[in-house]
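Close look at the chain arrangement
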Amino acid sequence: MLLLGIDIGTSSVKVSIVEALSQKVLASAQYPETESPILALKPGWAEQSPEMWWENLQQALNICHNSGAYQARNISAIGIAYQMHGLVLVDKDQQVLRDSIIWCDSRAVEIGEKAFEAIGEETCLSHLLNSPGNFTASKLAWVKENEPHIYEKIDKVMLPGDYISMKFTGEITTSESALSEGIFFDFINNRLSDQVLSYFGFEKSLFPEIHPVFSVHGNLLPAVAEKLKLKAGIPVAYKAGDQPNNALSLNVLNPGEVAATAGTSGVIYGVSDQLRYDKQSRVNSFAHVNYTQEQKRVGVLLCINGTGSLNRWVKSLFGESISYLQMNNEAAKAPAGSAGLRILPFGNGAERMLNNKLVGVHMQNIDLNLHTKSHLFRAVQEGIAFAFRYGLDIMRSNGMNPSVIRAGKANLFLSDVFTEAFVNITGVPVQLYKNDGSVGAALGAGIGSAIFSTAGEAFSNLSPVQLIEPKNQGLETAYQEWKVLLEKQLSIQ
């Protein structure tokens, strides 16, 4: 019995085929091999085409099919993970009305700030666990205000994973977890937020039917099944945002457990059994994949927009002819602390943990007679690790104190320089696992379709491949210098 897992990322779509009994990955592919484009029509904007995600998914699935490692007709359920906070709008014929305004788009910051003040800070934080900020609700309000000709045609408002599920099944559903990440969900009353809908003037009819994350969200249409070489009628049995899904893929489901990722963006994600929120909304709280009214499981999320995206940008300018592995090896040639070179990694949109400020990337202390590409590559990875430390300190001030952090051995965690800097500057051990979002989505589908009786059964074969313990490598002084540079930039925004 096989499971299909899909991860709709910003850079690419990844697909994995997993054997349920053993949890073994039989085939895996991503498309495109180069990074998907992000459309920036104005500074601070970021859009992608939902149709592009669907096309990329089909290409990745075909690569898996062509591997010959499995029989496609044996796939029994589909799970979907997706980039969080994106806005997808369709009309009554399920046609996309405009490109998706994605997570790192900053155009709605001012709209969210006005809503935070008008609805009331205490009301927002206690009911929504967040400021409306730059999330999906504020992006929808931007469309309503600036593109009324599009807004009036909207039949349903969706997150990216809801759209992909619709393409498979023809049905449109959502979940409490998805609504919470869009800032549409009232945790106190356990329903769509009357305050948000009333303030922005959104009709309830715009929002899909609410299903549990682990449940049947529709069944594969015959015509789609034929095109994708799958069996008609199999269920889409799981949908979750990429960070809750990443936590699931690492079996982070219980209070006190913490996951991290360092892909295009960087995230620390901890689970709480309290309706916990940051008073400045610098870290954000969403319904986790296993959230219920009776057993509250809230994901507390720290996000840094420009982690892997900064690493990629520097590589494209200074390491175009080398691989990421070679780039990491080059970074390792420079000493810890990068001989004084300091980099702020905040150049990919407004940063929530910095109170939605656009800070940009800054490089300081460049010595033309000393610093080489090795120093630059290392300073980038150390600067990203310092940003994680800065954000983790905010989480600690809100009661989240991890004793260990789980992460997939992927992206920046493939770099010893980054991983050791992360561990040493946060002071928290990291367990690395060979797992990723698409595998987590596949296992989520197994839970949602009752192939697994419990989540524990789905992860019975999961074990860490590496444990990195903190060592004193003298980075605290470098971090404090970095922090002074950051606070100077924040003071002039």
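As a reminder, the structure under discussion sits directly above these lines.
So, here is what we can say about the structure in this document. (Residues numbered from 1 in each chain as written. Predicted model: local features only at pLDDT ≥ 70, side-chain atom pairs only at ≥ 80, totals over all residues. Heavy atoms only, no water.)

1. Points about helix α17 (residues 476-491)
How we decide: Only DSSP runs of H or I with at least four residues qualify as helices, and only runs of E with at least two residues qualify as strands; both kinds are numbered from the N terminus onward. Each helix should span, by expectation, one fewer than its residue count multiplied by 1.5 Å. Exposure is judged per residue with a 1.4 Å probe applied to protein chains only, and the accessible area is read against the type maximum: over 50% gives exposed, under 20% gives buried, and values in between give partly exposed. The directions from the helix axis to the C-beta atoms form the arc being described. Every residue pair with non-hydrogen atoms within 4.5 Å of one another is taken to be in contact.
With 16 residues, α17 ought to run about 22 Å at 1.5 Å a step, and its terminal C-alpha atoms sit 22 Å apart, in line with that. Every buried residue of α17 is listed here: Ala478, Tyr479, Trp482, Leu485, Leu486, Gln489 and Leu490. Down the axis of α17, the smallest arc covering the buried residues is 140°, so these residues share one side. Of the residues in α17, the exposed ones pointing more than 90 degrees away from the buried face are Thr477, Val484, Lys488 and Ser491. Buried-residue contacts for α17 involve β18 (342-346), β19 (360-364), α13 (373-397) and α14 (416-426).

2. A word on the environment of Ile102
As for its position among the elements, Ile102 is in the loop between β7 (100-101) and α2 (109-119). When its relative accessible area of 0% is taken as the criterion, Ile102 is described as buried. In sequence terms Ile102 and Val428 are 326 residues apart; their C-alpha atoms lie 31 Å from each other. With near-sequence residues (within four places) excluded, Ile102 lies in contact with Thr10, Ile38, Ala46, Glu47, Gln48, Trp53, Gln83, Gly86 and Lys139.

3. So, the sheet that holds strand β16 (residues 284-287)
Just so we agree on the cut-off: Here a strand pair is declared whenever DSSP counts at least two bridges between the two strands. Every angle, taken between N-to-C directions, lies between 0 and 180 degrees, and every axis is a line fitted to C-alpha atoms, over only the stretch in contact when it is a helix.
With mixed pairing, the seven strands of this open sheet are ordered in space as β16-β17-β15-β14-β20-β21-β22. Here the strands that pair on one side only, and so sit at the sheet edges, are β16 and β22 (466-468). Strand-to-strand twist in this sheet, taken as the mean axis angle between neighbours without regard to direction, amounts to 25°. Where strand β14 (residues 258-262) meets strand β20 (residues 405-408), two bridges bridge the pair, whose relative direction is parallel. Opposite Ala259, over in β20, you have Arg406 as the bridge partner. Sitting on the sheet, α13 touches β14, β15 (266-272) and β17 (298-304), and the angle it makes with β17 is about 145°.

4. Here's the deal with the packing of aromatic side chains
The cut-off we apply is this: Each Phe, Tyr or Trp ring, with Trp reduced to its six-membered ring, pairs with another whose centre is within 6.5 Å; inter-plane angles below 30 degrees give stacked pairs, above 60 give edge-to-face pairs, and intermediate values give tilted ones. Either the NZ atom of lysine or the CZ atom of arginine qualifies as a charge over a ring when it sits within 6 Å of the ring centre and within 35 degrees of the ring normal.
Evaluation of the coordinates by the stated rule reveals 21 aromatic pairs. When the ring of Tyr390 is compared with that of Trp482, the centres are 6.3 Å apart and the planes differ by 65°; the resulting orientation is edge-to-face. You can see Tyr390 sitting in helix α13 and its partner Trp482 sitting in helix α17, a full 92 residues away along the chain. Residue Tyr390 is classed as buried on the basis of its relative accessible area, which comes to 15%. Put simply, the rings of Phe184, Tyr199, Phe200, Phe202 and Phe207 pair up and form one aromatic cluster. For Arg107, the ring lying beneath its charged end belongs to Trp45, and the centroid distance is 3.6 Å.

5. Regarding the packing of helix α11 (residues 308-318) against α13
Spelled out, the test is: Angles below 35 degrees are treated as roughly parallel, those above 145 as roughly antiparallel, those between 65 and 115 as roughly perpendicular, and all remaining angles as oblique. In the scheme used here, Gly and all other residues not listed as nonpolar or charged are polar, with Ala, Val, Leu, Ile, Met, Phe, Trp, Tyr, Cys and Pro taken as nonpolar and Asp, Glu, Lys and Arg as charged.
Running from N to C, α11 and α13 point in directions that differ by 170°, and their axes come no closer than 10 Å. One way to sum up the angle between α11 and α13 is to call them roughly antiparallel. Across the interface between the two elements, Leu310, Asn311, Val314 and Phe318 from α11 touch Lys373, Leu376, Phe377, Val380, Gln381 and Ile384 from α13. Residues of the contact of α11 with α13, tallied by class, amount to seven nonpolar, two polar and one charged.

6. Quick look at the sheet that holds strand β3 (residues 24-31)
Judged by pairing direction, the sheet is mixed, and its five strands sit side by side in the order β3-β2-β1-β5-β13 without closing on themselves. Either end of the sheet is taken by a strand with one partner, and the two such strands are β3 and β13 (236-241). Averaged over all adjacent pairs, the angle separating strand axes in this sheet is 15°, with direction ignored. For strand β2 (residues 13-19) and β3, the ladder comprises seven bridges, and the chain directions are antiparallel. Considered in β3, the bridge of Val15 is made with Ala29. Lying over the sheet, helix α6 (residues 160-169) contacts β1 (2-8), β5 (75-82) and β13, oriented at roughly 150° with respect to β5. In this fold helix α10 (residues 242-249) packs onto β1, β5 and β13, with an angle of close to 110° to the strand it touches most, β13.

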